[in-house]
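Residue-level structure breakdown
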Amino acid sequence: MTDNATITARVEEAQPWIVEQRRKIHRHPEKSGQEVLTSALVQKRLAELGVEVRTGFHKTGVAGIIRGALPGRTIGLRFDMDALEMQELTDHEYRSTVPGMMHACGHDGHTAMGLGVAKVLSGMKDSIHGTIKLVFQPAEEDAQSGGGAQYMIHDGVLKDPDVEMMLGMHLWPDLPLGSVGTRPGALMAGSDPFIITIKGKGGHASMPHTTIDPVVAGSYIVTALQSIVARNIDPFAQAVVTVGVFNGGTRYNVIPETATIQGTVRSFDEDVRLKLRDRVIEVATKTAEALGAHAEVDYRLTYPPLINDRGVYEQAKASIIDMLGEENYAEVPKPAPGGEDFAFFAKAVPSAFMFLGYKKAGEVPVQPHNPYYNFDEAALGVGVRVFVRAALDLARGG
C-alpha cells in the first residue's frame, strides 16, 4: 500500500506543473461540446506521461487508462473540461484570451487535477491494484442538450475495462481551503428546464373583450406553478419551481398573440422529479384552458439528482480522513440545489461525488458563474491527493 507521505511528496513536486496546466486551460476556454484545444492538451499530456489514451467519446471526450501491476478493481475518475459563455472581468495574468468565454465554474481546475492525478499515478504503476480510468468529459454545462456524461457512457467510456465504481469532485466556495466534503444519498439536485408557450388571440389593448390575453393567462400560470411544491410535494421532501423568464408583447397598447415562460425545476428524488414534471404540464395547460388560451409545455428531463452510493461514500470518506485528517473532512449537511451531470455516472455505477474547499479564513469567495470568479490554486494539490488516495483504496478493495 502506498503511504500518504509518498503521495503527498509526489503531489507537491507536481504542484507547479498542475498550476501551469490549469492556467493554460484557463487562457483558452471553450464552449460546451467544442473543447477541441482542451481535449488536445489532455491527450498530449497523457501521452507524455505514458498513459494509454482513448478518444471518440462524445466528440471531444478523452479517457486515460492506467493499469496497475496488481489485481484489483477498475475505478473511474471524472474531470469536466468546458467553460461558460460569459466575459471574464478579472485582471490576473492568465485571464481568458477568448472574448465572451471564461472558466467561471472551476472546470479548468478539475481538468488540471485530472492531469495531476495522471502524473502522480503514472509513476506508481507497480504499486497500483487494478486499473484507474481517467474520464475527461465535455459539455457538463450544456444541460439543454443533456450534458456530456450520458453521451460518453453511450459511447462506451465505462467499458473495456468495465468501470466498477466512479469518483468525481467539484471546487466548492463554501468549504474551507484544505478540506473536502461529501454526504451519502442526494448531494446535488435534479435540474430540469421548461418552456411554456401560451397562445391567445391578439388585439387592441382598449378592447380586451375581443381578445384572449396570453399575458394574463401566463400571469395566472406563474402564480399557479408556485402551488405545486406547497400543495403537491411532501413537506419533508425538497423541491424548487422557479420562473426566470416571462416574455409577452411588443407595445403597451397591443395585446399579443403569444407569451412565453421559461423556468427550472430542482428536486432530489426521482419519484418527486417525475411528479413535478407531470404537475407543471397539467397546471400550465389547464390554467391556460380555463382562461380560453392554449399552452404548450416543452419540459426536459435533463440532469437527474446526483445520488451518492452509501458504500462508495463510506470508502471515499475514509480515504479523505486518512489523507487530510478528520479535521479537514466536511460532512455536507444538505444537498446543493445546483445540477451536475456526474449524476448519470452515479446512475450507471456505484459512485461518490465530493466538494473541494477553497475558502480562506476571513475572505468571502466569489461564487461560480460570476465574471470575477477565481479560486486558490493551492486547492488543486489537495484535490489530487484525495483523488489518488481514494482511487488507490477503492481499486485495492477498501
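Residue indices begin from 1 for each chain and proceed along its sequence in written order. Local features in this predicted model are restricted to residues of pLDDT 70 or higher, and side-chain atom pairs are both shown and tallied only at a pLDDT of 80 or more, whereas totals for entire chains, interfaces and linings draw on every residue. Side-chain metrics in this entry use all non-hydrogen atoms of the structure; hydrogen atoms and water are not considered.

**Section: the overall build of the protein**
Along its length, the protein carries nine helices and 16 strands. Note that the radius of gyration is over C-alpha atoms, with the globule rule given as 2.2 Å times the number of residues to the power 0.38. Radius of gyration (C-alpha) of the protein: 23 Å, near the 21 Å computed for a compact globule of 398 residues. For each residue, the accessible area found with a 1.4 Å probe, counting protein chains only, is set against the maximum for its type, and the residue is called buried under 20%, exposed over 50%, and partly exposed in between. Looking at the 398 residues of the protein, the share that counts as buried comes to 53%. In the protein, the share of contacts with a sequence separation of at least 24, taken over all contacts with a separation of at least 6, comes to 81%. Throughout, the Shrake-Rupley method with a 1.4 Å probe supplies accessible areas, and for residues the shown protein chains are the sole cover considered. In the structure as shown, the protein presents an accessible area of about 16,500 Å², 52% of it carried by carbon and sulfur atoms. When charges are counted, Lys and Arg are positive and Asp and Glu negative, with His and the chain ends excluded. Where a charge lies is defined by one atom per residue type: Lys uses NZ, Arg uses CZ, Asp uses CG and Glu uses CD. Taken together, the 39 basic and 48 acidic charged side chains of the protein have centroids lying 1 Å from each other. Under the scheme used here, helices are H or I runs from DSSP no shorter than 4 residues and strands are E runs no shorter than 2 residues, and both carry numbers assigned from the N terminus. Note on contacts: a residue pair qualifies if any of its non-hydrogen atoms lie within 4.5 Å across the two residues.

**Let's talk about the packing of helix H7 (residues 310-324) against helix H9 (residues 378-396)**
Look at H7 against H9: their axes get within 9 Å of each other, and the N-to-C directions meet at 125°. The orientation of H7 relative to H9 falls into the category oblique. Note that H7 runs across H9; the crossing there is right-handed. Residues Val-312, Gln-315, Ser-319, Ile-320, Asp-322, Met-323 and Leu-324 of H7 lie in contact with H9, whose contacting residues are Val-382, Arg-385, Val-386, Arg-389, Ala-390, Asp-393 and Leu-394. Between N-to-C directions, angles span 0 to 180 degrees; the directions come from axes that are lines fitted to C-alpha atoms, helices contributing only their stretch in contact. Geometric relationships in this document are graded by angle, where less than 35 degrees denotes roughly parallel, more than 145 denotes roughly antiparallel, 65 to 115 denotes roughly perpendicular, and other angles denote oblique. By definition, turning the near helix anticlockwise from the far helix through less than a right angle yields a left-handed crossing, and turning it clockwise yields a right-handed one.

**Examining the pattern of salt bridges**
The rule for a salt bridge is simple: a side-chain nitrogen of Lys or Arg has to be within 4 Å of a carboxyl oxygen of Asp or Glu. Within this structure, the stated rule accounts for 26 salt bridges. The partner of Lys-24 in a salt bridge is Glu-20, with the nearest N and O atoms 3.4 Å apart. Placement of the pair is Lys-24 and Glu-20 together in helix H1 (residues 4-27), with a separation of four residues, close to one helical turn. Relative accessible area serves as the criterion here: at 38%, Glu-20 is assigned to the partly exposed category. For Asp-341, the salt bridge identified is with Arg-78, shortest N-O distance 2.8 Å.

**Details of H7**
Along its 15 residues, H7 runs 21 Å from first to last C-alpha, staying within 8% of the 21 Å computed at 1.5 Å per residue. For H7, every residue scored as buried is listed here: Val-312, Tyr-313, Ala-316, Ser-319, Ile-320, Met-323 and Leu-324. Relative to the axis of H7, the buried residues are bounded by an arc of 130° and lie together on one face. Against the buried residues of H7 lie H1, strand E5 (165-176), strand E6 (180-182), strand E14 (329-331), strand E16 (351-359) and H9. By the criterion applied in these results, polar contacts are pairs of N or O atoms within 3.5 Å in which, for protein atoms, one can donate a hydrogen and the other can accept it, and in which residues neighboring in sequence qualify only through two side-chain atoms. Among the residues of H7, the N-terminal cap falls to Asp-309, whose side-chain oxygen and the backbone nitrogen of Gly-311 are separated by 3.0 Å. Take the number of residues in a helix, subtract one, and multiply by 1.5 Å to get its expected span. Taking the helix axis as origin, the arc is that swept by the directions to the C-beta atoms.

**Examining unusual backbone geometry**
In this model, Asp-160 is joined to Pro-161 through a cis peptide bond whose omega is -5°. Take Pro-161: it is sitting in the loop between helix H4 (149-154) and E5. Of note, the phi angle at Ala-139 is positive, near 60°, even though the residue is not glycine. Locating Ala-139 in the fold gives a position in the loop between strand E4 (129-137) and H4. With a relative accessible area of 2%, Ala-139 lands in the buried category. Phi at Asp-160 is positive, roughly 50°, even though this residue is not glycine.

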